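# Geometric and topological summary
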Amino acid sequence: MAWSSRGRLAASVCSAAVALSGGCGGDSDPVPRASSKSEVEEPKGEVVTKRFQLRGKVRKVDPASKEVTIAHEAMPGFMGAMTMPFEVDAPGALDDVRPGDQVEGSLRVEYKGKRLDSYRLENLEVTDPAPIEMKLEIGPGGPKLREKQPVLEPGAAVPDFTMTTQEGKTLRLEELRGSCVVMTFIYTRCPLPDFCPASDAAFAELAKQLGGVRERAERVRLLSVSFDPEHDTPEVLTRHARLRGAVPPLWTYAVASHDELRKIAEPLGLTYGPMKDEIVHNLSTAVIGPDGRLVRLFMGKAGKDWTTAQLVKEVVERLRESGK
């Protein structure tokens, strides 16, 4: 029986040529067995329509691009088990679908002669919702639980948020579309040399390497975003940027309010919390393509868990792919 709280969604899928040539991959995780039952409708002219039952597990939901990626079981007579994206046309169709959900639906496939012409995923239902992770949040109204946002996977659209730069200007991440963005999170009072200071040093080297070619530097933006708005004012960031050698527009320090950080922190794997004299936090650095989608997320310490050379490689490849 389907879970009524999740509802039913009708999905229009991208052409088979696009879906089957890119974005399909094997998946070893167990998913429910698919039925081999298929239904053949009466042909209309040269068009023959078949339906196959689809069952599987949601791997990724990307509302911005209206895509849901499903690791589905084999559909005998059509395709084997694989992980692939399905494009959704209906507004709000993905509002209640989450990674980890078990789903099932009907795949409508149309052939013209012996050639597969198109397919459409219809009547997709959540049969077993994934557990919802909750986070305890302390605010002006007291403690409350809220749903934790999942960490983005490569290819997902990165949420927009607003920050204030070291120059005192308001900047939205969306304004940097067309450039390859490398963004990390720091705070200027960080006392641990292998945390924020190491990230600053890595970005200084990154700016040096990427800024050496003018045409490339014009299409790259490095952002060091502070999660300490109570202290890291534009004036503080200006002094800090001068010490680190950060010169906009290639490399900019910025700060965001906690409300704005909430839009971006969890999706990019950042966690932080104030203590008495410092902020306890992890380290997250994201490479975002010119199309605004996540290329790769680097978690951990600069020089230990990732290197400047890796960042340069990702940036150069993205610019090459975009023709920049």
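Scroll up for the structure.
Predicted model, so just to flag it, every value in this text is computed and none were measured.

## So, the environment of Cys180
Mapped onto the elements of the fold, Cys180 is located in strand S12 (residues 180–186). Remark: the alpha-carbon pair of Cys180 and Ile288, spanning 108 residues in sequence, is separated by 5.9 Å. When sequence neighbours within four positions are dropped, the list of residues in contact with Cys180 reads Arg219, Val220, Arg221, Val287, Ile288, Pro290, Val315, Arg318 and Leu319.

## Digging into unusual backbone geometry
The omega torsion across Pro248 and Pro249 is 5 degrees, close enough to zero to call that bond cis. Residue placement: Pro249 occurs in the loop between helix H4 (234–244) and strand S14 (251–255).

## Thoughts on the pairing of strand S17 (residues 284–288)
For a regular strand, side-chain orientation follows a simple rule: the groups alternate between the two sheet faces. With respect to burial, S17 is a largely interior element, five of its five residues being buried. Across the two faces of S17 the burial is the same, with Ser284, Ala286 and Ile288 and Thr285 and Val287 all buried. Inspection of the sheet shows S12 paired to S17 by four bridges, in the antiparallel sense. Counted as the bridge partner of Thr184 is Thr285 from S17. As defined by bridge partners, S17 adjoins strand S18 (residues 294–299) across five bridges and the pair is classed as antiparallel. Of the residues in S18, the one forming a bridge with Ile288 is Leu294. Taking the residues that link successive antiparallel strands as the turn, the S17-S18 hairpin has five residues, and the phi of Gly292 there is positive, at about 85 degrees.

## Observations concerning the packing of helix H2 (residues 196–210) against helix H6 (residues 308–321)
The interhelical angle for the contact between H2 and H6, taken along N-to-C directions, is 40 degrees, at an axis separation of 10 Å. The angle between H2 and H6 falls in the class oblique. In the crossing of H2 with H6, the sense of the turn from one axis to the other is right-handed. Residues Ala202, Phe203, Glu205, Leu206, Gln209 and Leu210 of H2 form the contact with H6, whose participating residues are Thr308, Leu311, Val312 and Val315. Residue classes in the contact of H2 with H6 are distributed as seven nonpolar, two polar and one charged.

## Quick look at H6
For H6, built from 14 residues, the straight-helix expectation of 20 Å at 1.5 Å per residue is met to within 8% by its first-to-last C-alpha distance of 20 Å. Every buried residue belonging to H6 is among Thr308, Leu311, Val312, Glu314, Val315, Arg318 and Leu319, and all of these are buried. Viewed end-on, H6 has its buried residues packed into an arc of 165 degrees, placing them on one side of the element. Turned more than 90 degrees off the buried face of H6, the exposed positions are Ala309, Arg320 and Glu321. Count one or two residues on from H6 and you reach Gly323, which has phi positive near 80 degrees.

## Notes on the sheet that holds S12
The strand order across the open sheet built from seven strands is S11-S10-S14-S13-S12-S17-S18, with neighbouring strands paired in mixed fashion. Of all the strands in the sheet, just strand S11 (170–172) and S18 have a single pairing partner and so form its edges. Ignoring strand direction, the axes of neighbouring strands in this sheet form an average angle of 30 degrees. Sheet analysis places strand S13 (residues 220–226) next to S14, joined by five bridges and oriented parallel. Residue pairing for S14: Leu223 is matched across the bridge by Thr252. Against the sheet, H2 contacts S12, S13, S14 and S17, and its axis sits at roughly 160 degrees relative to S12. Where H4 meets the sheet, it contacts strand S10 (162–165), S13 and S14, and its direction lies at approximately 150 degrees from that of S14.

## Description of the packing of aromatic side chains
Enumeration over the complete set of coordinates arrives at six aromatic pairs. Aromatic side chains Phe52 and Phe78 sit 5.3 Å apart centroid to centroid with 25 degrees between the ring planes, which places their arrangement in the stacked category. One end of the pair, Phe52, is in strand S3 (residues 47–62); the other, Phe78, is in the loop between strand S4 (67–72) and strand S5 (82–87), and 26 residues separate them in sequence. Here Phe52 and Phe78 have matching classes, each one buried. Ring centres of Phe298 and Trp306 lie 6.3 Å apart, and the angle between their planes is 55 degrees; on these two criteria the pair is classed as tilted.

## Digging into the nonpolar core
A general feature of soluble globular proteins is that nonpolar side chains tend to end up buried together. Core analysis: the largest hydrophobic core is formed by 58 residues, its most contacted members being Leu173, Met183 and Leu268. Of the residues forming this core, the biggest block, seven residues, is contributed by H2. Not counting residues up to four positions away in its chain, the partners in contact with Met183 are Phe161, Phe203, Leu223, Val225, Ile264, Leu268, Ser284, Thr285, Ala286 and Ile288. Val68, Met82, Val88 and Tyr119 belong to the second-largest nonpolar core, a separate cluster that totals 24 residues.

## Brief notes about H2
Counted at 1.5 Å a residue, the expected span for H2 with its 15 residues is 21 Å, and the 21 Å between its end C-alpha atoms agrees. Regarding H2, the residues found buried are Cys196, Ala198, Ser199, Asp200, Ala202, Phe203, Leu206, Ala207 and Leu210.

## With respect to the pattern of salt bridges
Enumeration over the complete set of coordinates arrives at 16 salt bridges. The salt bridge involving Arg262 is made with Asp259; its shortest N-O contact spans 2.9 Å. Remark: Asp259 and Arg262 occur in helix H5 (residues 258–264); sequence separation between them is three residues, near one turn of the helix. In this structure, Glu317 engages Arg318 in a salt bridge whose closest nitrogen and oxygen atoms are separated by 3.6 Å. A residue is classified by how much of its surface remains accessible, and Glu317, at 24% relative accessible area, is partly exposed. With a relative accessible area of 13%, Arg318 lands in the buried category. One continuous salt-bridge network, built from bridges that share partners, spans Arg296, Lys313, Glu314, Glu317, Arg318 and Glu321.

Rules used in this analysis
Residues numbered from 1 in each chain as written. Predicted model: local features only at pLDDT ≥ 70, side-chain atom pairs only at ≥ 80, totals over all residues. Heavy atoms only, no water. Helix = DSSP H or I, 4+ residues; strand = E, 2+ residues; numbered from the N terminus. Contact = heavy atoms within 4.5 Å. Buried < 20%, exposed > 50% of the residue type's maximum accessible area, 1.4 Å probe, protein only. Pairing = 2+ DSSP bridges. Axes fitted to C-alpha atoms, helices over the stretch in contact; angles between N-to-C directions. Parallel < 35°, antiparallel > 145°, perpendicular 65-115°, else oblique. Left-handed = near helix turned anticlockwise from the far one by under 90°. Nonpolar A, V, L, I, M, F, W, Y, C, P; charged D, E, K, R; others polar. Expected span 1.5 Å × (residues − 1). Arc of directions from axis to C-beta. Phe/Tyr/Trp six-rings, centres within 6.5 Å; stacked < 30°, edge-to-face > 60°. Core = buried A, V, L, I, M, F, W, Y, C linked by side-chain atoms within 4.5 Å. Salt bridge = Lys/Arg side-chain N within 4 Å of Asp/Glu carboxyl O.

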